[in-house]
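Given next are the chains, with one letter for each unit.
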Amino acid sequence: MEFCILLVVGREECYGYSLVQRLRELPNLSLSEGTVYPALARLIDDGLVRATRRPSPKGPPRRYLTLTAAGRKRLREMSTHWWSLRASVEALMPAEEDGDRDA
């Protein structure tokens, strides 16, 4: 989940609720506010994400999220690991025959 949060925040500045909405749009990731916000708080505490409070066009001020230099470095590390892991898993998967999957 932390990798997904870093990917979204690394792509565009956002605020907490918009981050949760973006993650909810993704199929097969059943993430709720109750799981995203604690992970986001850890990333902020670890200095990987910066939260800047700004006025909102509607309602109370929002905390806008951006990656720090350490966050960008961690995202690169996680991306490298992801591609390596993906290649390893794909090497283990049998070739599909006649479009039939037994997974």
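Before reading on, note that the structure itself is shown above.
Position numbers for residues count from 1 along each chain, tracking the sequence in the order it is written. It should be noted that, the model being predicted, local features are given only for residues of pLDDT at least 70 and side-chain atom pairs only at 80 or more, the latter also being counted only at that level, while totals for whole chains, interfaces and linings use all residues. Heavy atoms from the whole structure form the basis of all side-chain values; hydrogens and water molecules are not counted.

(A) View of unusual backbone geometry. Backbone geometry places Asn28, a non-glycine residue, at a positive phi of 70 degrees. Residue position: Asn28 is located in the loop between helix H2 (16–24) and helix H3 (33–45). Partly exposed describes any residue whose relative accessible area lies between the buried limit of under 20% and the exposed limit of over 50%, with all areas from a 1.4 Å probe on protein chains only and scaled to the type maximum. Look at Asn28 and you get exposed, because its relative accessible area is 82%. Helix and strand labels come from DSSP, where a helix needs a run of H or I of at least four residues and a strand needs a run of E of at least two; each type is numbered from the N terminus.

(B) Focus on H2. Buried within H2 are the following residues: Gly16, Leu19, Val20 and Leu23. Take H2 and look down its axis: the buried residues cluster within an arc of 100 degrees, on one side only. Only heavy atoms enter the contact rule, under which two residues are in contact if any of them lie within 4.5 Å. Residues of H2 that are buried in the fold lie against helix H1 (2–11), strand E1 (14–15), H3 and strand E3 (62–67). It is the directions from the helix axis to the C-beta atoms whose arc is reported.

(C) Up close: the nonpolar core. Among the nonpolar cores identified, the biggest contains 20 residues, and Ile5, Leu6 and Leu19 are the most heavily contacted of them. Those elements that provide at least two residues to this core are H1, H2, H3, E3 and helix H4 (69–92). Of the residues forming this core, the biggest block, five residues, is contributed by H1. Here the nonpolar core consists of buried residues drawn from Ala, Val, Leu, Ile, Met, Phe, Trp, Tyr and Cys, with membership extended through side-chain atoms lying within 4.5 Å.

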